[in-house]
Structure formats: C-alpha cells, structure tokens
Amino acid sequence: MTFRGVPGFVVAAARLFAVQSAWSYERMLGIGFGHAIEPLLRPLRGHGGARYAEALARQSRFFNAHPFVTSIAVGAAARAEMDGEPPERIERLRAALCGPLGVLGDRLIWAGWLPACVGFGLILVAAGAGAWGVAAFFALFNVVHVGLLVWGLRAGWRAGMRVAGALANPFLQRGLEVVGPLAALAVGAALPAVIVWVVRGAGMGVAWSVAWTPLVVAVAGAALFAAAAHRIGTRLTAL
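Note that this is a predicted model, so its numbers are computed, not measured.

Reading guide: rules and limits
Residues numbered from 1 in each chain as written. Predicted model: local features only at pLDDT ≥ 70, side-chain atom pairs only at ≥ 80, totals over all residues. Heavy atoms only, no water. Helix = DSSP H or I, 4+ residues; strand = E, 2+ residues; numbered from the N terminus. Expected span 1.5 Å × (residues − 1). Buried < 20%, exposed > 50% of the residue type's maximum accessible area, 1.4 Å probe, protein only. Core = buried A, V, L, I, M, F, W, Y, C linked by side-chain atoms within 4.5 Å. Salt bridge = Lys/Arg side-chain N within 4 Å of Asp/Glu carboxyl O.

Draft legend 1. Helix H4 (residues 70-82), seen in detail. When the terminal C-alpha atoms of H4 are compared, their 18 Å separation across 13 residues agrees well with the 18 Å that a helix rising 1.5 Å per residue should span. By the criterion of burial, H4 is predominantly enclosed, with 13 of the 13 residues buried. Of the residues one or two after H4, Gly 84 is the one with positive phi, at around 75°.

What follows is the structure in structure tokens.
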C-alpha cells in the first residue's frame, strides 16, 4: 500500500493542528490522537464497521508525546491498523513511541527551533522592523511546524510497524545537531541588540540598570550554582 492517494490524509493533517484541543490528565493527547487518525481509518468501515470502531477506540486511548511530532505516530498507527496488525502489537507500538517522540520534539522544537526563532525575531524588532519582526518569527516557526507535521504523517504511514527507522532519518539527526547551536547563536546575538534598543530611549540611570542587569543575573546564578554544588559535594563526602 503506497502513500500516494491515501484517503483522508489532508483531513488528518488538518486535525493534527488541534491534537491538544481535548488534552486531559487521563489520556493526555489520546483523544486528539484518535480524532486526527479517524479519517485514515475510514476504509475499515467497509469490513462491517466493527473493525473500524475497535481501531478508533484503541487509537483514542492514552498517548503522550510532543504535539509537533505526534504525526509520526498517527501515520504509523494508521498503517498498522490498515495492514491488520494484531491489536496488542499496535498498542505496544503506541506505547513505545511516547518517550522517543517526546524527547525528539522537546530537543528539536522547545530547546532549539523556538528560541532560535524568538532570537531572530527580537533582532529584527531591535533593528527597527517592528511588526515585520513579529511576522518573521511566526513565519519561520510555522514553516518548520507544518513541514514536520506533514513529513511525519507521511513517514509514519510509509514505515508502519518499522517506524523506528523513520526516527533515525538523517533529516532529523542533522536538525538535532544544528538547531541547538543555532538557538544559542540567535539568543546570544539578540540579547545585546535588545539591550541597545531599550537603552536608546531611556535616561542614563535606566540605561545603566538595563545594561548591568544580565551581568548581575549571571553572577547571582553562578553563585547559587556554586553554593548548591558545594552542598552536594559535602553530602557526598559525608556518605
């Protein structure tokens, strides 16, 4: 079964944008997962309806991962259901994907791409771009968001039960290598740019306070870290 012409793909992709809309402590993303995968399961209704109902109920159970890469699991689970994999194997697949997809999304998006886009947007605003800087932030962030969502759905569908291979894709691995340093560079460049931008319209007293604030925070943080490390070292020595 090839990916091209898969019924319900566009609807499933659109629903993934709202995968967190029914978030709860009991099922986390489970209900949103079931809502997103439902269009891909509709061909199962031709088998008397029971298989479709069982698959949809199974896919609406607990699932917890990063929302931006949940599409990988949705595609893989849908393909497994269509291939007639045993229910217990499908449930194990969903459970096994929670941890890796959570870590992948956190590193790639929350710790990488998001701060990189924020830093770039702040640089543009500080340079006088105004609302265009904000627009650039949203555009950059969502290009990766949408691209990752569509790619993940396609990759998951193609891989099915062998979805672990999709997680080792060079595209993802290279992204993990690049996005961290990129975020550090963007945020590091944005900090002095924003300070200069704020200081321009302030008096000298405010200017000095703003300029010295990052240094004071850094020194205080280093002192607290040193004190905590000393206490931990003392406890370990006592043991």
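Next comes the rest of the write-up.
Draft legend 2. Fine view of the nonpolar core. Counting 50 residues, the largest nonpolar core has Phe 63, Leu 101, Leu 153 and Val 163 as the members making the most contacts within it. Within the residue set of this core, elements represented by two or more residues are helix H1 (9-16), helix H2 (30-41), helix H3 (50-59), H4, helix H5 (87-126), helix H6 (131-159), helix H7 (164-167) and helix H8 (170-200). With 10 residues, H5 is the largest single contributor of residues to this core.

Draft legend 3. Expanded view of the pattern of salt bridges. For the structure on display, the rule yields seven salt bridges. Among the salt bridges present, the one from Arg 89 reaches Glu 85, with a minimum N-O distance of 3.0 Å. By relative accessible area, which is 35% here, Arg 89 ends up partly exposed. The class of Glu 85 is partly exposed, set by a relative accessible area of 21%. When salt bridges that share partners are traced, they join Arg 15, Glu 38 and Arg 42 into one network.

Read these as geometric descriptors, not functional statements.
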